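The residues making up each chain are set out below.
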Amino acid sequence: MSSEQPKKIKLNDGNFMPLLGLGTFHLKVASSNRSQEIIEEAIDAGYRHLDTAVSYQTEVDLGKAVHSKIQQGIVQRQDLFIVDKLWCKYFAPEDIPACLDKSLSDLHLDYVDLYLVHFPVGLQKVGEELFPMKDGKTLTTDFDYVDVWKGMEALKATGKVKSIGVSNFSVSQLERLLSVAKVPPVVNQVELHPYLVQSDLIKYCKSKNIALTAYCPFGSPDKPKEMHRGETDPGKLLEDPVVGKIAVKHKRTPAQVIPPLSRNNTSMVFCMSSNVESQGVLQVLLRYHIEQDIAVIPKCINNVQILENKKVFDFSLDEEDMTTLRSLNRGWRAAPFNEVKSHRFYPFK
């Protein structure tokens, strides 16, 4: 693929989605509560695809950042591609539009460009808890994602969402959904990186003209220590020498490597890699997705990362590079959602 390829992809409903976006999962903690400032800096740097969710707790800050930049004349609303998600507590028919309306209110927007079903497993509504628990177990519901999709189709008809899609859906779940959907999903947002290649899912989505967005493109190196799973958790994709050698081959510039969050999850230390084989690994890992026409939404927590992560359209990976990166596959997930593993709609079986 040429490095001059378009920076947007056309979705199956005719709308266009930028290939590079800004992810905001865990951004408030990772940036020491600077998420609005980070999002504003990203917009200044040219990011137009902005991804949020109820569970990320960044909707208010994203809305403030967007309105600030509109007022400054940096962007117009139609320049931006804003993604939000239906949280799993709101799968009841009457809750689906209410969840969207609350998100639009928090964002201070009239519409979002893409609205996703965040996960196929429903959660019980227990107060303000995002992840309701009892006796150490996550409280789930038996709402069927096929019925939830009918509610999503109704939202699209209102004009409050321009496009609708899903997140964390498996091939079998997409097949079942497509068999009854009046409006097919335009996107499946899933975890993708060289440690989790998911070739079958990619092939299926492309065959059905469902675009993919990759989250955790770096293997989520900044997740809290308590979320690491010991020796079974590689968690060191950024330090993989195979990726480093490809970065050196393409003469990529040094990029910051994000170490794990401290135990109290409130501070983060940043260091510039001194190992030549680690230079540019972030750009290589991002370009890995761009090369496949897969959108990617890395999180940035300072201006250096914002600028570094944009350096993905001035070089290409060749087929040897792609084959080498895919060979690192080990089926490892940074976000396995094990808390709901026993549910019948758990997607990662």
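Structure: see above.
Bear in mind the structure is a predicted one, so any value in this text is a computation, not a measurement. (Residues numbered from 1 in each chain as written. Predicted model: local features only at pLDDT ≥ 70, side-chain atom pairs only at ≥ 80, totals over all residues. Heavy atoms only, no water.)

K.L.:
Before we go on, may I ask you to explain the nonpolar core in this structure?
P.N.:
A general feature of soluble globular proteins is that nonpolar side chains tend to end up buried together. Counting 105 residues, the largest nonpolar core has Met17 and Tyr115 as the members making the most contacts within it. Considering every element that reaches this core, the biggest residue donor is helix H9 (residues 281-290), with 7 residues. For Met17, the residues in contact, after removing those within four places along its chain, are Lys7, Lys8, Ile9, Leu11, His49, Phe81, Leu114, Val187, Ala211, Leu212, Thr213 and Ala295. (Core = buried A, V, L, I, M, F, W, Y, C linked by side-chain atoms within 4.5 Å. Buried < 20%, exposed > 50% of the residue type's maximum accessible area, 1.4 Å probe, protein only. Helix = DSSP H or I, 4+ residues; strand = E, 2+ residues; numbered from the N terminus. Contact = heavy atoms within 4.5 Å.)

K.L.:
Can you help me understand the environment of Arg287 in this one?
P.N.:
Residue placement: Arg287 occurs in helix H9. When its relative accessible area of 0% is taken as the criterion, Arg287 is described as buried. Residues Arg287 and Leu20, spaced 267 residues apart in sequence, show a C-alpha to C-alpha distance of 9.7 Å.

K.L.:
What's the story with the sheet that holds strand E10 (residues 187-191) in this structure? I'm lost.
P.N.:
The strands making up a sheet associate through backbone hydrogen bonding, with each pair oriented either parallel or antiparallel. An order of E3-E4-E5-E6-E9-E10-E11-E14 is seen for the 8 strands of this open sheet, with the pairing classed as parallel. In the strand order of this sheet, the two ends are held by strand E3 (21-23) and strand E14 (295-296), each with one partner. As paired elements, strand E6 (residues 112-117) and strand E9 (residues 161-167) share 5 bridges and run parallel to each other. Note on E9: the bridge partner recorded for Tyr115 is Ile164. Strands in contact with helix H4 (residues 95-107) are strand E5 (81-86), E6 and E9; relative to E6, the strand with the most contacts, it is inclined by about 135°. (Pairing = 2+ DSSP bridges. Axes fitted to C-alpha atoms, helices over the stretch in contact; angles between N-to-C directions.)

K.L.:
I'm lost on H9 in this one. Help?
P.N.:
An α-helical turn contains 3.6 residues, so a residue and the one three or four places further along point in the same direction. Burial analysis of H9 places 10 of its 10 residues in the buried class, which makes it a mostly covered element. Regarding H9, the residues found buried are Val281, Leu282, Gln283, Val284, Leu285, Leu286, Arg287, Tyr288, His289 and Ile290.

K.L.:
Even after reading the chapter, I still don't get the packing of helix H3 (residues 59-71) against H4, so can you show me in this structure?
P.N.:
Think of two packed helices as two axes; the pair is described by the angle between the axes and how far apart they sit. As a packed pair, H3 and H4 sit with axes 7 Å apart at the nearest point and diverge in direction by 45°. By the angle between their axes, H3 is oblique relative to H4. For the pair H3 and H4, contact is made by Glu59, Val60, Leu62, Gly63 and His67 and by Ser103, Asp106 and Leu107, respectively. Of the residues in the contact of H3 with H4, the class split is 3 nonpolar, 3 polar and 2 charged. (Parallel < 35°, antiparallel > 145°, perpendicular 65-115°, else oblique. Nonpolar A, V, L, I, M, F, W, Y, C, P; charged D, E, K, R; others polar.)

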